[in-house]
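Summary of structural features
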Amino acid sequence: MQTLRASKCGLSTAQLPAYILDVIDALTKAGYEAYIVGGGVRDLMLGLNPKDFDAVTNATPAQVKEVFGRRCRIIGRRFELAHVYSGRELVEVATFRAPPKKEVTSAAGMILRDNNWGTIEEDFARRDFSINAMYYQPRKGIVLDFCNAVEDINNKTLRLLGDPKTRFEEDPVRMLRTLRFAAKLNFNIANEILEVFTPELTNLLRDVSPHRLYDESQKLFTMGHLNRVLPMLIDFGIWQQLFAEINPTVTTFIERAAKNTDQRISIGKTINPAFFYAVLLWELFLKRSEGYLAKGVTPAEARAQAGLDVLKRQGTRTIIPRFAETFIREVWEMQTRLLNPKPQQIAALSNHARFRAGFDFLLLREKSGDTNTQGMGMWWDSYQNMTSDEKERAIGQYNRQRAKNRRKAVTQDDVVDTRVQVQAEIEPLVNEPETRNRRTRKPRQHQENRTSVASTVKGEIGADHPILKRRRVKRDLAEVVFGPTQ
Ligand code: ATP
Ligand code: MG
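It should be emphasised that the depicted structure is a prediction, and the values quoted were computed from it without experimental measurement.

To continue, consider the pairing of strand β2 (residues 34-37). Here β2 shows a buried face lined by Ala-34 and Ile-36 and a second buried face lined by Tyr-35 and Val-37. As paired elements, β2 and strand β3 (residues 54-57) share four bridges and run antiparallel to each other. Its bridge partner being in β3, Ile-36 is matched across the sheet by Ala-55. Of the pairings in the sheet, the one linking β2 to strand β7 (residues 134-137) comprises two bridges and is antiparallel in character.

Here it is, written out as structure tokens:
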């Protein structure tokens, strides 16, 4: 074990937020040892901005509770921890852990319960990577390094503590963590890990609870290097474990979405990790919908049922919480609405709670070459940047174009198959001149009248049919919740 001067490692208390110092000081004052450990120390040493700071102590969770009283809650069963609230922040305070007892490991060697308190040396040996196992005491200005982790930091190497195969068997999630840290920190994976990191070993992930795997998938999606980690997940056979039914290929759409997610994170924007699930599962959803359509189900029911099926199947690997499932299904449902909106619903749609996510999704599809969006991604993109007058004109133009397309569709097919969405490409939005003089307008109206009569005969209602001129009661779409059969 070597004791390093914190200042030599580039660490100083000035980099630390008050909430973590407050926790360390309170524990020290009560006579316990307390350190900052894990990702916080690692990231500071690498000059990165830590996501959070975790504390570790020789006080048991019950003793931590005594120190912090109502500011502390004890959580977890497999892994008992104290959650301490410091101001508005929450700090995880773990107790030094000893090796697990035999009877709490599964037949495959997986640790099922892990609440055996121990010494700092024992706690160190239980951690995953050397770079995650440095103990920083900010008030003493020291870092305890038990395995020359500083060298791994300098060499940018990810090294597991102990025998890699055993460590993966104890907790298969460490395989996922390996790829996450390698991608996030741009580190090399040590050879001894690569040697054992086989597809057979990744099969162990099947025994991990889908709740835990969902949490891990969230961390992958939000770490800021999603695009880098996706091919690694495929190469190491982890993708197949996490997303069993999703074809292990980074399609242009998935790649774009991943880059977009990373970019948003790099500029400090929020992201909803469920959005990326919506992207990953999109192809499966479409295929499944087609299957239902082929059976003669209505399009709305096909979409609703396909959505439920796809999410249910994914749930056997990573259980997506109900609120995230709803979000995903709404984003998918928005695709239909944004693709072929009724003109009178356009304004309300753009105010819908799910509009932004639905639109982002549509535009991503379009930009990755999905021609089924029929140019509507760009249409909505322009629409949002218009003044209200321009919007009104754009809707008018859209309305005319839509009517034209419908008439075309009707003359093409005598029987309109409601299962197929017939819609020719909508012309991109152009800023139309404000007023058109009557002379240019008249012949057009005349023409439209004629065709609309023809189309009415075929059972279609033209854009200028009296029924469309009726004043409609505006439904506030922002209030509408998409039900399964809508
Ligand atoms: P992040 O930047 O994602 O927070 P982190 O290293 O802090 O990275 P956490 O999941 O917050 O990761 O865990 C905190 C610390 O707990 C880790 O640094 C590591 O020392 C230890 N740890 C976490 N998960 C495991 C595990 N599965 N096996 C062994 N040690 C672990
Ligand atoms: Mg952490």
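Quick look at helix α14 (residues 273-294) now. Between its first and last C-alpha, α14 extends 32 Å over 22 residues, near the 32 Å set by a 1.5 Å rise per residue. At Leu-281, α14 is bent by approximately 50°, the largest bend along its length. Backbone nitrogen of Ala-274 and a side-chain oxygen of the N-cap are separated by 2.9 Å at the start of α14; the cap is Asn-272. Backbone geometry just after α14 places Gly-296 at a positive phi near 95°.

Within the secondary structure, Val-250 sits in the loop between α12 (238-242) and α13 (252-266). On the basis of relative accessibility, which here comes to 25%, the residue Val-250 falls in the partly exposed class. If we ignore the near neighbours within four places in the chain, the residues touching Val-250 are Leu-230, Pro-231, Ile-234 and Glu-255.

To continue, consider the side chain of Asp-145. Along the chain, the position of Asp-145 falls in strand β8 (residues 142-145). Buried within the structure, Asp-145 lacks any salt-bridge partner; its nearest side chain of opposite charge belongs to Arg-159, at an N-O separation of 10 Å. Among the polar contacts listed, one links the side chain of Asp-145 to the backbone nitrogen of Ala-149, at a separation of 2.8 Å. Among all residues touching Asp-145, those that are not within four sequence positions of it are Met-1, Gln-2, Leu-4 and Val-150.

Before going further, it helps to examine the packing of helix α10 (residues 210-222) against α14. The N-to-C vectors of α10 and α14 enclose an angle of 95°; their axes lie 9 Å apart at closest approach. By the angle between their axes, α10 is roughly perpendicular relative to α14. Here Tyr-214, Ser-217, Gln-218, Phe-221 and Thr-222 of α10 come into contact with α14, specifically with Pro-273, Phe-276, Tyr-277 and Leu-280.

A word on helix α3 (residues 61-68). Every buried residue of α3 is accounted for by Pro-61, Val-64 and Phe-68. Seen along its axis, α3 keeps its buried residues to an arc of 55°; they face one direction. Those residues of α3 that are buried are in contact with α1 (18-29), β3, β4 (72-75), β5 (81-86) and β6 (89-95).

As a further point, take the site of ligand 1. Near ligand 1 you find 18 residues, and of these Arg-42, Arg-127, Asp-171, Arg-174 and Arg-180 are the closest. Asp-54 places a polar side-chain atom, nitrogen or oxygen, 3.4 Å from an oxygen atom of ligand 1. With respect to ligand 1, the side chain of Arg-127 contributes an N or O atom lying 2.9 Å from an oxygen atom. Look at ligand 1: alone it shows 590 Å² of surface, and the protein chains cover 84% of it. Among the cavities detected, the one that contains ligand 1 is the second largest pocket. Only α2 (39-45), α7 (173-185) and α10 provide two or more residues apiece to the shell around ligand 1.

So, on to unusual backbone geometry. Positive phi values are uncommon outside glycine, yet Asn-148 reaches one of about 55°. Residue position: Asn-148 is located in the loop between β8 and α5 (149-155). A relative accessible area of 33% means that Asn-148 is categorised as partly exposed. At Asn-186, a residue that is not glycine, the phi angle is positive and equals roughly 60°. Here Asn-186 is to be found in the loop between α7 and β10 (188-189).

A volume near 1,600 Å³ is recorded for the second largest pocket. Lining the second largest pocket are 46 residues, and of these Phe-79, Leu-81, Glu-92, Arg-177 and Lys-219 sit closest to its centre. Residues belonging to the lining of the second largest pocket are distributed by class as follows: 15 nonpolar, eight polar and 23 charged.

Now for the packing of aromatic side chains. Within the structure shown, the criterion is met by 23 aromatic pairs. Ring centres 5.2 Å apart and planes at 80° place the aromatic pair Trp-282 and Phe-361 in the edge-to-face group. Linking Trp-282 in helix α14 with Phe-361 in helix α18 (residues 355-367), this pair joins segments that are 79 residues apart in sequence. Clustering of aromatic rings is evident, with ring pairs tying together Tyr-214, Phe-221, Trp-239, Phe-243, Phe-276 and Tyr-277. Above the plane of the ring of Phe-181 lies Arg-180, whose end atom (NZ or CZ) is 4.9 Å from the centre. In this structure, Lys-391 packs its charged tip against the face of Tyr-383, placed 5.1 Å from the ring centre.

Counting residues in hydrophobic clusters, the biggest one holds 101 residues, and the most contacted among them are Leu-233, Ile-238, Phe-276 and Trp-332. Considering every element that reaches this core, the biggest residue donor is α14, with twelve residues. Both domains that furnish three or more residues to this core are identified here as domain 1 (1-155) and domain 2 (339-410). Setting aside its immediate chain neighbours within four residues, Ile-238 contacts Met-175, Leu-176, Leu-179, Phe-197, Thr-202, Leu-205 and Leu-233. Counting 15 residues, the second-largest nonpolar core is a separate cluster that includes Leu-338, Tyr-383, Ile-395 and Tyr-398.

Moving on: the sheet that holds β7. Across the sheet, which stays open at both edges, the eight strands sit in the order β1-β8-β7-β2-β3-β6-β5-β4 with mixed pairing between neighbours. The open sheet has two free edges, formed respectively by β1 (2-5) and β4, since each of these has just one partner strand. Averaged over all pairs of adjacent strands, the angle between strand axes in this sheet comes to 35°, irrespective of strand direction. Against the sheet, α3 contacts β3, β4, β5 and β6, and its axis sits at roughly 165° relative to β4.

Rules used throughout
Residues numbered from 1 in each chain as written. Chains lettered and ligands numbered in written order. Predicted model: local features only at pLDDT ≥ 70, side-chain atom pairs only at ≥ 80, totals over all residues. Heavy atoms only, no water. Buried < 20%, exposed > 50% of the residue type's maximum accessible area, 1.4 Å probe, protein only. Helix = DSSP H or I, 4+ residues; strand = E, 2+ residues; numbered from the N terminus. Pairing = 2+ DSSP bridges. Expected span 1.5 Å × (residues − 1). Bend = angle between axes of the 7 residues up to and from the residue. Polar contact = N/O pair within 3.5 Å; in protein donor to acceptor, adjacent residues only side chain to side chain. Contact = heavy atoms within 4.5 Å. Lys, Arg positive; Asp, Glu negative; His and termini not counted. Salt bridge = Lys/Arg side-chain N within 4 Å of Asp/Glu carboxyl O. Axes fitted to C-alpha atoms, helices over the stretch in contact; angles between N-to-C directions. Parallel < 35°, antiparallel > 145°, perpendicular 65-115°, else oblique. Arc of directions from axis to C-beta. Near = heavy atom within 4 Å. Areas by Shrake-Rupley, 256 points an atom, 1.4 Å probe, with all protein chains shown as cover. 1 Å grid on protein atoms, 1.4 Å probe; cavity = no way out; pocket = protein on both sides within 12 Å on 5 of 7 lines; lining within 4 Å. Sits in = over half its atoms within 2 Å of the grid points. Points joined across faces, edges and corners; volume = space filled by probe spheres on them. Nonpolar A, V, L, I, M, F, W, Y, C, P; charged D, E, K, R; others polar. Phe/Tyr/Trp six-rings, centres within 6.5 Å; stacked < 30°, edge-to-face > 60°. Lys NZ or Arg CZ within 6 Å of the ring centre and 35° of its normal. Core = buried A, V, L, I, M, F, W, Y, C linked by side-chain atoms within 4.5 Å. Domains from an automatic or database assignment.

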